[in-house]
Amino acid sequence: MLTTIRTCARPALGARVAACLLAGLLALPVQAAPSTASGTSSTGRDVVGTWIARIDQRAAELEAMPRVQQTRVGYGSVLKKGDGGMVDVVAPGPVRPSDVPEGTAPAAGTAPTVVVTPPAEPIPQADPSATPGNALSGTATPGTVVEVLPPPPALTIQVRARTADRVGRLSTRLIELGFLNQEQWTETFDDTLEVAVRAFQLSEGLMQDGKVGEVTRQALDRTPKEAAKLMRGATASMRAFQTSVPDTVILVNLPSQTVSFIERGKLNFTMRAVVGRPSRQTPLLQDRVTSVTINPTWTVPPTVLVEDKLPVLRKKGNTGIKDAVVYLDGVEVVPESINWWQVTPERIRIVQKPGDDNALGRFRFNLTNGDGIFLHGTNDPRLFERDLRAASSGCVRLADARMVAETLLRPAKLDSAAIERQLDSGKTKTVSLPNAVPVRFVYWTSTVETDGTVRVHPGIYDDVPTSSAAPSAGQSPAAGTVSAPRRVEPKPVRPTPAAAPQPAPAPAQSSSTTTPARAADTRNGAEAVRTAM
């Protein structure tokens, strides 16, 4: 019996073994494919192409959504806890004579003030036979003290706050988005509404401060169609950029106010940044980082000098900058001893010493453009806590300049310990990079986070700058390859001849104010005058 079972089972077992062997042979090419793909190095084009595909996918989802009625919060002041609802208002009371300034006519509806002049002759004595009832006839007994009644208490009434309408629309919008229930509608910005606002900000990747500022307000009022339009515009710009993107590149995206680093075709990091304000826009440059300066000095650029620092010098006699040295015609001077109203801007140079108070922080990443635009740290990290960070004079401030320095200086054989020793020394040192790192300034109104979430960023400038073609390999990007922002440059004025002897040259750490190539002389650590913070 057992022999019969084994004999019958052999064909079935053989068939199963043959099937397994066949399946294994068919699976070999499939399993080899990922191994081959993993061996292929990714490129910068692949990274940008992944972003394009994800943003297009999300835009298509938004475009397919049915149109529904949407409540807009609308423009206005920042909404915060305590706004809206009913507020107490003190109603105006009667005007007392003492409240009316001398020489001012009484207001309408108020009794005029009559000034009684004492008579020149003595007041006749009152009739002793007069009865007390005569007091009602209008005559007062001499020496009688007239009691002055106190003013009536102020009348306080409750009225609807001016912000109640917008708070009500905010509640309605959060109900439409699912962050509040219908019964939680309110016109008072209370704790429940603040929690809902924080939850919405978290979903949009915004700072969770519980306040409805301009960025949060735009996110609340944005329709799916408007978001999809911003996404389509971003992918169109990305496609044009994709054809020439290097495998290793620093991306400065102005609308998102972020800096990303793609290294050998892989996204290394993305951090917050501060970019130029609308009046001093950061241009769309195609450039490269050639060197990194540790413990840099800061030379006040012409724009900041003319618009900000010179008025302070003329008004207060000092720069308002800590650890700053002021040069007049190349000679160090004491600011308080100069009449700055008689000095033109091109004769002035202000240099801030290295240190924690330096406006550039501890690191400066030197570019080659002629606009004085570069990347650097900061001595005021509080700006990175904001959603809207367009606050600089054109340069780009990095939230973690130390990490960027360690990443870029690694090929130069400068590790974290060596950087720390240089920082502790307090001395300025410029380290040239073995290979310049490309930098691209872009204007993308939509980005993709590492987890695949698509974010939308409204434009920060009214007039979007246009980018030029990327420079060819080995070619240094020309200065001003795009429409640069308007800058207030000092007009060339012939210096007034002075009887004093020729001033001594400026210190070696600062370059001349008239050398055209000063911005490119970063290898020697020279301080460019035409710089923007």
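All values derive from a computational prediction rather than experimental measurement.

Summarising burial for helix H5 (residues 214-221): six of the eight residues are buried, a large majority. Those residues of H5 that fall on the buried side of the exposure criterion are Val 215, Thr 216, Arg 217, Ala 219, Leu 220 and Asp 221. Where H5 is buried, its residues meet helix H3 (164-177), helix H4 (191-203) and helix H6 (224-242).

Moving on: helix H2 (residues 44-63). Because each turn of an α-helix spans 3.6 residues, side chains separated by three or four positions in sequence point in the same direction. Here H2 contains 20 residues, and its C-alpha end-to-end distance of 29 Å stays within 8% of the 28 Å for a straight helix at 1.5 Å per residue. By the burial criterion, the buried members of H2 are Gly 44, Val 47, Val 48, Trp 51, Ile 52, Ile 55, Asp 56, Ala 59 and Leu 62. Projection of H2 onto a plane perpendicular to its axis shows the buried side chains occupying an angular sector of 165°, all on one side. Of the surrounding secondary structure, the elements contacted by the buried residues of H2 are H6, strand E3 (249-253), strand E4 (258-263), strand E5 (266-276), strand E16 (446-448) and strand E17 (454-456).

What follows covers the environment of Gly 317. Residue placement: Gly 317 occurs in the loop between helix H7 (302-316) and strand E8 (324-328). On the accessibility criterion, Gly 317 (13% relative accessible area) is buried. Once the C-alpha coordinates of Gly 317 and Trp 340 are considered, the two residues, 23 residues apart in sequence, prove to be 7.7 Å apart. Not counting residues up to four positions away in its chain, the partners in contact with Gly 317 are Val 312, Pro 335, Glu 336 and Trp 340.

What follows is about the pairing of strand E10 (residues 348-352). Summarising burial for E10: five of the five residues are buried, a large majority. Covered by surrounding structure in E10 are Ile 348, Ile 350 and Gln 352 together with Arg 349 and Val 351, the residues of both alternating faces. Pairing between strand E7 (residues 298-299) and E10: two bridges, direction antiparallel. Within the sheet, the bridge partner assigned to Thr 299 lies in E10 and is Val 351.

Here the focus is the packing of helix H8 (residues 401-409) against helix H9 (residues 416-425). Each pair of packed helices can be described by the angle between their axes along with the distance between the axes. At a closest axis distance of 10 Å, the pairing of H8 and H9 adopts a crossing angle of 125°. The angle between the axes of H8 and H9 places the two elements in the oblique class. The two elements H8 and H9 meet at a crossing, and its hand is right-handed. Together, Arg 402, Ala 405, Glu 406 and Leu 409 of H8 and Ser 416, Ile 419, Glu 420 and Leu 423 of H9 make up the contact between the two elements. Class assignment for the residues of the contact of H8 with H9 results in four nonpolar, one polar and three charged.

About the cut-offs
- Residues numbered from 1 in each chain as written.
- Predicted model: local features only at pLDDT ≥ 70, side-chain atom pairs only at ≥ 80, totals over all residues.
- Heavy atoms only, no water.
- Buried < 20%, exposed > 50% of the residue type's maximum accessible area, 1.4 Å probe, protein only.
- Helix = DSSP H or I, 4+ residues; strand = E, 2+ residues; numbered from the N terminus.
- Contact = heavy atoms within 4.5 Å.
- Expected span 1.5 Å × (residues − 1).
- Arc of directions from axis to C-beta.
- Pairing = 2+ DSSP bridges.
- Axes fitted to C-alpha atoms, helices over the stretch in contact; angles between N-to-C directions.
- Parallel < 35°, antiparallel > 145°, perpendicular 65-115°, else oblique.
- Left-handed = near helix turned anticlockwise from the far one by under 90°.
- Nonpolar A, V, L, I, M, F, W, Y, C, P; charged D, E, K, R; others polar.

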